Amino acid sequence: MSRTERTVDVLVVGAGPAGLAAAARLAAAGAGRVEVLEREQQPGGIPRHSHHRGFGPRHQPLDGPRFAGRLVDAAVAAGCVLRTGVTATGWAGPRTLDTTGPQGLERITARAVVLATGARERPRSARLIPGTRPAGVLTTGELLQTVRLHGGRVGGRAVVVGSEPVALHAVRTLRRAGAQVVALVTEAPCAPVQSPRHRVPVITDTAVAELTGRGRLAGVRLRDRDGGSTHLDCDTVVLTGDWIPDHELARLGGTALDPGTRGPAVDTAFRTSLPGVFAVGNLLHGGEPGAIAAAEGRSAATHVLRRLAGARPWRHGQVPLAVERPLLWIAPNRVHPDGPPPMEERFTLRTAERIARPVLLVSQDGRELDRQHLPRTALPGRAVHLRAGWIARADPEGGPVRVGVMSDSRQPGAGAARILTV
Ligand SMILES: Cc1cc2nc3c(=O)[nH]c(=O)nc-3n(C[C@H](O)[C@H](O)[C@H](O)COP(=O)(O)OP(=O)(O)OC[C@H]3O[C@@H](n4cnc5c(N)ncnc54)[C@H](O)[C@@H]3O)c2cc1C
């Protein structure tokens, strides 16, 4: 079957907060034809079916559909072409994508491509949880779709698994759907921060060892760090967090992936290893707030505009950023070789452990580049941020830049802090 071939100035894949915000800024700045592809029937990404008020500015939070609606309106008002029901399926060239949608098969070539395909929670099949394959095992995204989009029913007794704030959304959605939440189970040593509304029994330092039941879920077997085992009766389990960037399209195009985030490796200009291809949003790092994804989209638009204006040749950051345990990953994860980024730019990191009074230590080839004291305790499942001002001191020809974390509280005194290892 033949494909209709077209060209556009910028092709954005994914109409979630990141893609919409990037597209709106690009179109408003006169980037030419900016086209956004969205495989779902409605634009807006995850927020369009997240009805709780937790999106946008902290002082005036919006519910997800309203947050998504504003981004859609802004993109349309700026002149973007928003095409829903259209999936980018593969690449026919460095900036040429094959698509399928209501108008059939197309091949679209762009001067710049922005990948904004988001992230999903790791499903049961990928978590390698032993046991039977009963009904009643969902991710938060599936729970929201079942309850909110399709008006479906969940069971009567539920267990929520996870340590990120999204676990609390699962608790609230289950309760609204009439289920009793028996427990929130997490492998982390601490629970997600709860408000009085969320109060739920929390079992920390514990993993789900087995799912039981034939047909419908009958319960979960839990194992704590000391090897102790318990069985909880329940007919629903919601597996939350533990994000996987939706990197399939990026991978098909040959984009280098970062081993920590498993999303495309990008520098602070959101450039991937493929010339003319940028990546933004949760595709880069898993589940961060919608406002962060949108801010990344806007920031990336500035760099896309430079590219369209025929700025310098494509130089994807050569120097990788690597983290030391208990840090899990950092994004962006390449150092931009063209000088320091604007001061407001920062890196996002995650830790596997709770660290009181954390200090981030940045070094390259044994040379300390920076030391940043963080204002708050670093917690698993919560973002930690590193300011980018040290980049000017990094050697673009040097080895990887390493980021470690130290705890001031364990050994008081600036010089006495040590890197935590596990
Ligand atoms: C249950 C839950 C609750 C949340 N609650 C909050 C909250 O209270 N506050 C908050 O700030 N954040 C919250 N978040 C996080 C927020 O939803 C995300 O940060 C945000 O949606 C990320 O935006 P994104 O554009 O990167 O990705 P997404 O929103 O995931 O959008 C990506 C889009 O790309 C499309 N796509 C993917 N591949 C293709 C392809 N090949 N072709 C075409 N289209 C494609 C997808 O269909 C999707 O619409 C929550 C997330 C979840 C799961």
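Draft legend 1. The arrangement of the overall build of the chain in detail. A tally of regular secondary structure across the chain gives seven helices and 28 strands. The globule rule puts the C-alpha radius of gyration for 422 residues at 22 Å, and the 22 Å found for the chain is close to it. Its C-alpha atoms give the chain principal-axis dimensions of roughly 60 × 60 × 40 Å. Here the chain, with 422 residues, has 53% of them falling under the buried criterion. The contacts of the chain with a sequence gap of at least 6 include a subset with a gap of at least 24, amounting to 62%. Summed over its atoms, the accessible surface of the chain is roughly 18,600 Å², and 49% of this surface lies on carbon and sulfur atoms. Averaging the locations of the 55 positively and 37 negatively charged side chains of the chain gives two centres separated by 4 Å.

Draft legend 2. Looking closely at the site of the ligand. Taken together, 32 residues surround the ligand, and among them Glu38, His52, Gly54, Glu288 and Gly290 come closest. Contact between the ligand and glutamate 288: an oxygen atom at 2.3 Å from a main-chain N or O atom of the residue. Here the ligand has 1,000 Å² of accessible area as a free molecule, and 93% of this is covered by the chains. Mapped by element, the contributors of at least two residues to the shell around the ligand are α1 (17-28), β2 (34-38), β3 (53-55), β6 (87-93), α4 (140-149), α5 (166-176) and α7 (290-308). Grouping the amino acids of the shell around the ligand by side-chain chemistry returns 15 nonpolar, 13 polar and four charged. Counting the residues that make up the shell around the ligand, at least three belong to each of domain 1 (1-122 + 243-316) and domain 2 (123-241).

Draft legend 3. Representation of the domain arrangement of the chain within the structure. Domain boundaries in the chain define domain 1 (1-122 + 243-316), domain 2 (123-241) and domain 3 (318-411). A separation of 26 Å is found between the C-alpha centroids of domain 1 and domain 3. With 20 residues of domain 1 at the contact, the number on the domain 3 side is 20 residues. Carbon and sulfur atoms supply 50% of the area buried between domain 1 and domain 3, which totals about 1,700 Å² over both sides. Measuring nitrogen to oxygen at the nearest pair gives 2.7 Å for the salt bridge that ties arginine 350 to glutamate 288. When the residues that make up the side of domain 1 that touches domain 3 are grouped by side-chain class, the tally is six nonpolar, eight polar and six charged.

Draft legend 4. Local environment of α7. The end-to-end C-alpha separation of α7 is 27 Å, in line with the 27 Å expected for 19 residues at 1.5 Å each. Where α7 terminates, the next one or two residues include glycine 310, which has phi positive at roughly 80°.

Draft legend 5. Up close: the sheet that holds strand β16 (residues 229-233). The strand order β14-β15-β16 describes an open sheet built from three strands, whose pairing is antiparallel. Each end of this open sheet is capped by a strand with a single partner; those strands are β14 (206-212) and β16. Mean inter-strand twist for the sheet, computed between neighbouring axes without regard to direction, equals 30°.

Draft legend 6. Examining the sheet that holds strand β17 (residues 236-239) more closely. Sheet architecture is open: five strands sit in the order β10-β17-β11-β12-β13, paired in parallel fashion. The sheet terminates laterally at β10 (137-139) and β13 (202-203), the two strands that pair on one side only. Pairing geometry for β10 and β17, over three bridges, is parallel. Residue pairing for β17: threonine 139 is matched across the bridge by leucine 239. In this fold α5 packs onto β11 (157-161), β12 (180-185) and β17, with an angle of close to 170° to the strand it touches most, β12.

Calculation rules
Residues numbered from 1 in each chain as written. Predicted model: local features only at pLDDT ≥ 70, side-chain atom pairs only at ≥ 80, totals over all residues. Heavy atoms only, no water. Helix = DSSP H or I, 4+ residues; strand = E, 2+ residues; numbered from the N terminus. Rg over C-alpha atoms; globule rule 2.2 N^0.38 Å. Buried < 20%, exposed > 50% of the residue type's maximum accessible area, 1.4 Å probe, protein only. Contact = heavy atoms within 4.5 Å. Areas by Shrake-Rupley, 256 points an atom, 1.4 Å probe, with all protein chains shown as cover. Lys, Arg positive; Asp, Glu negative; His and termini not counted. Charge placed at Lys NZ, Arg CZ, Asp CG, Glu CD. Near = heavy atom within 4 Å. Polar contact = N/O pair within 3.5 Å; in protein donor to acceptor, adjacent residues only side chain to side chain. Nonpolar A, V, L, I, M, F, W, Y, C, P; charged D, E, K, R; others polar. Domains from an automatic or database assignment. Buried area = accessible area lost by both parts, 1.4 Å probe. Salt bridge = Lys/Arg side-chain N within 4 Å of Asp/Glu carboxyl O. Expected span 1.5 Å × (residues − 1). Pairing = 2+ DSSP bridges. Axes fitted to C-alpha atoms, helices over the stretch in contact; angles between N-to-C directions.

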